[in-house]
Amino acid sequence: MFYFAFRLVVLVPLLRWLFRPCVEGAGRVPEAGAVILAGNHQSFTDQFLLGVTLRRRLTFLAKQEYFTAPGLTGRATAAFFRALGQIPVDRSGKDAAQSALDTALQVLDGGGVLGVFPEGTRSHDGRLYKGKVGVAAMALRSGAPVVPVAMIGTFEAQPKGRRLPRRVPITLRFGEPLDFSRYAGMENERLVLRAVTDEIMYAVQKLSEQEYVDVYAAEARTAWEAGAAAA
């Protein structure tokens, strides 16, 4: 109830006024049944922009830090994300994230829409980075189609570290659903998971037209920060 009320009263008017997003291909998202939306991740506002473009409820995997920050602000942030149905993910390792991924599969088993940023974190420079295989595991285990989506302009609007967004043109571009049923029963095959993930990221790159870097985003950012500190 809170999700749809907050979306209608606050998010939709605010984000449409601020960004005036142009939406392309939203009809490619199935109107019913389980589906995974896999997108690029350039800004804190990405998940909210996706939420206001769809009529269906959208559930995201959100980093655990949004739920564990101390103080009144931290508690308010945690309550906000929980009210929107977001799922906390411990990104410290595969085993730590398993319970969150199981919860995500429950969303799909219930016929819901799950949003995923396969890069795992926001891009620090606007380029598209290597996807993590969790999105492939969820697709193969659930049998849900994957709809690639590209958010264009959100990096310019609010890159990582910028508190308030700029008012710039934003485009959300949805691609054709990807069917991975040919890999049914192979969700434990590492090479298959890598191939499925790469296919998803290729589709996202075609939509976004970003430069692709075959390195994980977190590793690239760490290397960039180390180089900046040494300069």
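Refer to the structure above for everything that follows.
First, a word on scope: everything that follows refers to the structure included in this document. (Residues numbered from 1 in each chain as written. Predicted model: local features only at pLDDT ≥ 70, side-chain atom pairs only at ≥ 80, totals over all residues. Heavy atoms only, no water.)

1. Quick word on helix H2 (residues 46-53)
In terms of burial, H2 is largely enclosed, as eight of its eight residues are buried. Looking only at H2, the buried set comprises Asp46, Gln47, Phe48, Leu49, Leu50, Gly51, Val52 and Thr53. (Buried < 20%, exposed > 50% of the residue type's maximum accessible area, 1.4 Å probe, protein only. Helix = DSSP H or I, 4+ residues; strand = E, 2+ residues; numbered from the N terminus.)

2. Comments concerning the environment of lysine 206
Positionally, lysine 206 belongs in helix H8 (residues 190-208). Classification of lysine 206 by relative accessible area gives exposed; the value is 52%. Here the alpha-carbon distance between lysine 206 and alanine 150, two residues 56 residues apart in the chain, equals 8.7 Å.

3. A short note on the nonpolar core
Ranked by size, the top nonpolar core spans 28 residues in total, and within it Ile36, Leu61, Met138, Val146, Phe180 and Ile200 carry the most contacts. Setting aside residues no more than four positions away along its own chain, valine 146 makes contact with Ile36, Ala38, Ala139, Glu176, Pro177, Leu178, Phe180 and Ile200. With 18 residues, the next largest nonpolar core counts Leu37, Phe117, Val149 and Met151 among its residues. (Core = buried A, V, L, I, M, F, W, Y, C linked by side-chain atoms within 4.5 Å. Contact = heavy atoms within 4.5 Å.)

4. A few points about unusual backbone geometry
At glutamate 209, a position not held by glycine, the phi torsion is positive, near 60°. The class for glutamate 209 is exposed, based on a relative accessible area of 66%.

5. Quick look at the pairing of strand E5 (residues 113-116)
On E5, burial covers both faces: Val113 and Gly115 on one face and Leu114 and Val116 on the other are all buried. Taken together, the four bridges between strand E2 (residues 35-39) and E5 define a ladder with parallel strand orientation. Across the sheet, residue valine 35 finds its bridge partner in E5, namely valine 113. Alignment of strand E3 (residues 58-63) against E5, held across three bridges, turns out to be parallel. Paired with threonine 59 across the bridge in E5 is leucine 114. (Pairing = 2+ DSSP bridges.)

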